[in-house]
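Residue-level structural notes
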Amino acid sequence: MRIYVNGREIDLAPGMSVKHALLALDLLKEIQAGKKVYDTAGHEVGLDGALSDESRIYVK
Amino acid sequence: MNMKKFLALILLAAIMAFSPAMLQSALAAGPIEIRILHLNDFHGFAQPYKSFGENDLRGSVAVLANRASELAKEKPTLILAAGDFIQGHNWANFSKGKASIELLNLMKVDALVVGNHEFDFGQETLKIRAAEAKFPILGANVDGLSALQPFTIKKVGDLYVAVIGVVTEETPETTHPRNVVGLSFTSAEKSVAAYVEHLRPRADLIVVLSHLGFSADKALAQKVKGIDLIVGGHSHTKLEKGEQVGSTLIVQAWEHAKALGVVDLTVQDAKVTKAVSRLDFITPAGTKDEAVAALVDKYAKQVDAALSEVIGEALVDFDGANIRKKETNLGNLIADIMRQTAQADIAITNGGGIRTSLAKGPLKVNDIYNLVPFDNYIISIKLTGKQIKEALENGVSAVEEIKGKFPQVSGISFTYAPTAPKGNRVKEITVAGAPLVLDKQYTVATNDFMAAGGDGYTSFGEAVKAAPDYQSAGGSIRSANIVYNDPSLWLRDIVVEHVKVRKTITAQTEGRIKEVP
């Protein structure tokens, strides 16, 4: 599935979650530093949250 | 009796015969208030814990249960669970979800919708869990499993509330195929539309209990009219206030018992006239429900006992100390297990995922859990020889820094020059004794961390995209290059099972990875 993290495009296998999207872009360290992950509506999502094709998430 | 009164009586009789809900609510005086409490994606996180990147403890299902109990006393209440309860944390896993069902029974939950992870222990276990549940387990868009029912109707105060349950159609792609044999996961939208039409005459309120994810819930609300409330899960969304889409309110309560969702509805003439929703955040500082606290302790003790179980014996010392800088017998063991499980040509796993050594002697479950502690699972992808070489180059690119990316391998041998420029260190590569062919495809088992690009391993993602049938539009990825993908089974549990079956384990270094000048 195609996911966008902070606007950057990545492709993940089925069953992968928000944390895999962050792994792909080496962004887990940002979470460790206290940042959170949000969806396009500005709602926080958990690292184990499922993603769907064309999901857009933001680390901030 | 005049004709008008006679016709009115006939009409009333008809209503009584076919729509008790309409009559009941028609007879009820004024607006009716009810409450819906909800939680989702519990995954067995019964005890407080610190989320990654946070310093504070959150959650505690005993505190959540007490809060739910207090809130339920204030007005007629429905308690709903939006999926993914029986699998995840050891607390649930070690009893294959029995602990979670007992918890929901104690909480007097009114309905649970299956989440995709409810299938992770297989259908037979799910049927056993369903038989233990004192509430219906819903799955309107799942065909082939009689343990599930499409909907339930609950009387909440003076109102009849219909609850339709749906789960993501992508469930088969998120668990091992053996777990969903004989099942069809059909269109959630079509199922909901059909049941809304069927249930509207029989209920004052229509609730969809959804394990589709927040964006899919929004799409559902746009496409299917007549849904009053969608109680969601799957995306682990922290919806502090519900989101209104047309006349449908959508709510979701984050994850892991860190929040309890509270929706207060005012209903008049089968219409919601007021809806207020919030999340009550749960911390261990709250008051616990004693029965639930006892249940949490009971299963926590069982986990401790299970972790202490001796499952086999290591016949040699297994070297984890050098796993980030050279071939070790421990790396060989883990890579071999991965390759065998996925029935792949090759396995490549990062040394950083193997966290300790194993001493010669008795092996406990906990030893294995400490060895491979991460929630990693095996995925096998077809890579070309060129992509394999690139993966190995990445793996040895930081050997002087003793980084976790250093590869441990199975089914493949290679030499590398640690002092050569990065990207040009790998020299000879053989697979099953023959030189690697750069344009030939090989199946390579790895872990999901690496497959997602962790530790700089980009080859796996590139291989997935390179498949001629690759498509990523309108749904999940499709790629013939993914040949094995089992998010339902952690690597550590596969290793535990390997040890249990064999009773003794041994391995040695074999020259799979050699340094050359």
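Per chain, the residues get numbers from 1 upward, laid out in the order the sequence is written. Naming scheme: in the order in which they are written, chains are lettered from A and ligands are numbered from 1. Selection of residues for local features in this predicted model requires a pLDDT of at least 70, selection of side-chain atom pairs for listing and counting requires 80 or more, and totals for whole chains, interfaces and linings are taken over all residues. The side-chain figures draw on all heavy atoms in the structure; neither hydrogens nor water molecules are used.

**Observations regarding the overall build of chain A**
The numbering of helices and of strands both runs from the N terminus, where a helix is a DSSP run of H or I of at least 4 residues and a strand a run of E of at least 2. Broken down by element type, chain A carries two helices and five strands. If you list the helices and strands of chain A from N to C, you get β-β-α-α-β-β-β. The C-alpha atoms of chain A give 10 Å as radius of gyration, which agrees with the globular expectation for 60 residues (10 Å, within 12%). Under the scheme applied here, a residue whose accessible area is under 20% of the maximum for its type counts as buried, over 50% as exposed, and between as partly exposed, the area being computed with a 1.4 Å probe on protein chains only. Within chain A, the fraction of its 60 residues that count as buried is 55%. Note on contacts: a residue pair is in contact if any heavy atoms of the two residues lie within 4.5 Å. Put simply, of all contacts in chain A between residues at least 6 apart along the chain, 46% involve residues at least 24 apart. Reported accessibility uses the Shrake-Rupley method at a 1.4 Å probe radius. Residues are deemed covered only where the shown protein chains occlude them. When the accessible surface of chain A is split by element, carbon and sulfur atoms take 44% of a total near 2,400 Å². Neither His nor the chain ends contribute to the count of charged residues, in which Lys and Arg are positive and Asp and Glu negative. Every charge is mapped onto a representative atom, which is NZ of Lys, CZ of Arg, CG of Asp or CD of Glu. Side chains of chain A carry 8 positive and 9 negative charges; the gap between the two charge centres is 5 Å. Between the two quantities, the radius of gyration covers C-alpha atoms and the globule rule is 2.2 Å times the number of residues to the power 0.38.

**Section: the sheet that holds strand E2 (residues 77–81) of chain B**
All names here are of chain B. Pairing between strands is defined by DSSP: at least two bridges between the two strands are required. If you walk across this open sheet you meet the six strands as E4-E3-E2-E1-E14-E15, and the pairing is mixed. At either margin of the open sheet sits one strand with a lone partner, and together these are strand E4 (137–138) and strand E15 (271–281). An axis is simply a line fitted to the C-alpha atoms; with a helix, the fit covers only the stretch in contact. Between two such axes, the angle follows the N-to-C directions and lies from 0 to 180 degrees. Set on the sheet, helix H3 (residues 61–72) makes contact with strand E1 (32–39), E2, strand E14 (259–268) and E15; between it and E14 the angle comes to about 15°.

**Remarks on the domain arrangement of chain B**
One frequently used descriptor of interface size is the decrease in accessible area upon assembly of the parts. Residues and elements named next belong to chain B. Note that the domain bounds were set by an automatic or database domain assignment. What the domain assignment reports for chain B is domain 1 (32–299) and domain 2 (309–515). Taking only C-alpha atoms, the centre of domain 1 and the centre of domain 2 are 37 Å apart. Note on definitions: buried area is the accessible-area loss of two parts on being combined, 1.4 Å probe, summed for both. Interface area, domain 1 with domain 2, both sides summed: about 910 Å², of which 39% is carbon and sulfur. A pair is scored as a salt bridge if a Lys or Arg side-chain nitrogen falls within 4 Å of a carboxyl oxygen belonging to Asp or Glu. Note that Arg178 and Asp486 form a salt bridge whose closest N and O atoms lie 3.2 Å from each other. Throughout, the ten residues Ala, Val, Leu, Ile, Met, Phe, Trp, Tyr, Cys and Pro are labelled nonpolar, Asp, Glu, Lys and Arg are labelled charged, and all others, Gly among them, are labelled polar. Considered class by class, the residues forming the side of domain 1 that touches domain 2 number one nonpolar, eight polar and four charged.

**What about the pattern of salt bridges?**
Evaluated as defined, the whole model comprises 34 salt bridges over all chains. Salt-bridge contacts for Lys29 of chain A lead to Asp26 of chain A; the nearest nitrogen and oxygen are separated by 2.7 Å. The salt bridge partner of Lys218 of chain B is Glu243 of chain B, with a shortest N-O separation of 3.9 Å. Linking Lys218 of chain B in helix H8 (residues 214–223) with Glu243 of chain B in strand E12 (residues 243–245), this pair joins segments that are 25 residues apart in sequence.

**Quick notes on the sheet that holds strand E6 (residues 151–156) of chain B**
Residues and elements named next belong to chain B. The sheet built from six strands is open, its strands ordered E6-E7-E9-E10-E13-E12 with mixed pairing. Across the chains shown, the open sheet's two edge strands, defined by having one partner strand only, are E6 and E12. Each strand axis lies, on average, 25° off the axis of its neighbour in the sheet, ignoring direction. Sheet topology places E6 next to strand E7 (residues 159–167); six bridges connect them, and they run antiparallel. The residue of E7 that forms the bridge with Lys155 is Tyr160. Together, strand E9 (205–211), strand E10 (229–232), E12 and strand E13 (248–252) form the strand contacts of H8, whose direction differs from that of E13 by roughly 170°.

**Quick notes on the pairing of E14 of chain B**
All names here are of chain B. For E14, the buried fraction is high: nine of the 10 residues fall into the buried class. Summarising the sheet, E1 and E14 pair through seven bridges and their orientation is antiparallel. Across the sheet, the residue bridging to Arg35 is Asp264, located in E14. Examined bridge by bridge, E14 and E15 share 10 bridges and lie antiparallel to one another. Its bridge partner lying in E15, Gln268 is registered against Lys271. Between the end of E14 and the start of E15, which pair antiparallel, lie two residues, with Asp269 showing a positive phi angle near 55°.

**Structural notes on the nonpolar core**
To define a nonpolar core, start from buried Ala, Val, Leu, Ile, Met, Phe, Trp, Tyr and Cys residues and group those joined through side-chain atoms within 4.5 Å. Within the largest apolar cluster, 53 residues are counted, with the highest numbers of intra-cluster contacts made by Val5 and Leu22 of chain A together with Ile388 of chain B. Non-local contacts of Val5 of chain A, meaning those with residues more than four positions away in its chain, are made with Ile10, Ala21, Leu22, Leu25, Leu27, Ile57 and Val59 of chain A.

**A few points about the interface of chain B and chain A**
Each partner contributes to the interface: chain B provides 38 residues, whereas chain A provides 31 residues. In total, about 2,600 Å² of surface goes out of reach between chain B and chain A, with carbon and sulfur atoms giving 54% of it. Polar contacts here mean pairs of N or O atoms no more than 3.5 Å apart (in protein, one a potential hydrogen donor and the other a potential acceptor; neighbouring residues in sequence count only if both atoms are side-chain atoms). Between the two partners, chain B and chain A, sit seven residue pairs in polar contact (both at pLDDT 80 or more). Contributions of two or more residues to the side of chain B that touches chain A are made by H8, strand E11 (237–238), strand E19 (377–384), helix H13 (448–451) and strand E25 (482–490) of chain B. The sheet contact formed by strand E4 (residues 44–45) of chain A and E11 of chain B spans two bridges and is antiparallel. Within E11 of chain B, the residue paired with Glu44 of chain A across the bridge is Lys238 of chain B.

**Digging into unusual backbone geometry**
Residues and elements named next belong to chain B. Despite not being glycine, Trp254 shows a phi value in the positive range, around 65°. If you trace the backbone, Trp254 turns up in the loop between E13 and E14. A positive phi angle, near 55°, is found at Asp455, a position not held by glycine.

**Thoughts on the packing of aromatic side chains**
How two aromatic rings sit relative to each other is given by the distance of their centres and the angle of their planes. All names here are of chain B. Aromatic pairs are defined between Phe, Tyr and Trp rings, using the six-membered ring for Trp, whenever the two ring centres lie within 6.5 Å; interplanar angles under 30 degrees are classed as stacked, those over 60 as edge-to-face, and all others as tilted. Across all of its chains, the model carries 11 aromatic pairs over all chains by this definition. Measuring from ring centre to ring centre gives 5.7 Å for Phe94 and Tyr369, while their planes differ by 70°; the resulting arrangement is edge-to-face. Of this pair, Phe94 sits in the loop between helix H4 (90–93) and helix H5 (98–106) while Tyr369 is found in helix H11 (residues 365–371), placing the two residues 275 residues apart along the sequence. Arranged with centres 6.2 Å apart and planes meeting at 45°, the rings of Phe414 and Tyr416 form a pair that is tilted. An aromatic cluster of at least three residues, connected via ring pairs, comprises Phe42, Phe85, Trp91 and Tyr299. When the NZ atom of lysine or the CZ atom of arginine is within 6 Å of a ring's centre and also within 35 degrees of its normal, the charge is said to sit over that ring. Its guanidinium or amino end placed over the ring of Trp254, Lys258 lies 4.3 Å from that ring's centre, counting from NZ or CZ. When the ring centre of Tyr369 is taken as reference, the NZ or CZ atom of Arg492 above it lies at 5.0 Å.

**Quick look at helix H9 (residues 290–307) of chain B**
Residue and element names in this part refer to chain B. How far a helix is expected to stretch is found by multiplying one less than its residue total by 1.5 Å. With 18 residues, H9 should cover 26 Å at 1.5 Å per step; its first-to-last C-alpha distance of 26 Å lies within 8% of that length. For H9, the complete set of buried residues consists of Val292, Ala293, Leu295, Val296, Tyr299, Ala300, Val303 and Leu307. Across the axial projection of H9, the buried residues extend over an arc of 160°, all falling on one side. In H9, the exposed residues that point more than 90 degrees away from the buried face are Glu290, Lys301 and Ala305. Tucked into the core, H9 has its buried residues touching H3, H4, H5, strand E18 (361–364) and H11. The N-terminus of H9 is capped by Asp289, whose side-chain oxygen sits 3.0 Å from the backbone nitrogen of Ala291. As used here, the arc belongs to the directions running from the helix axis to the C-beta atoms.

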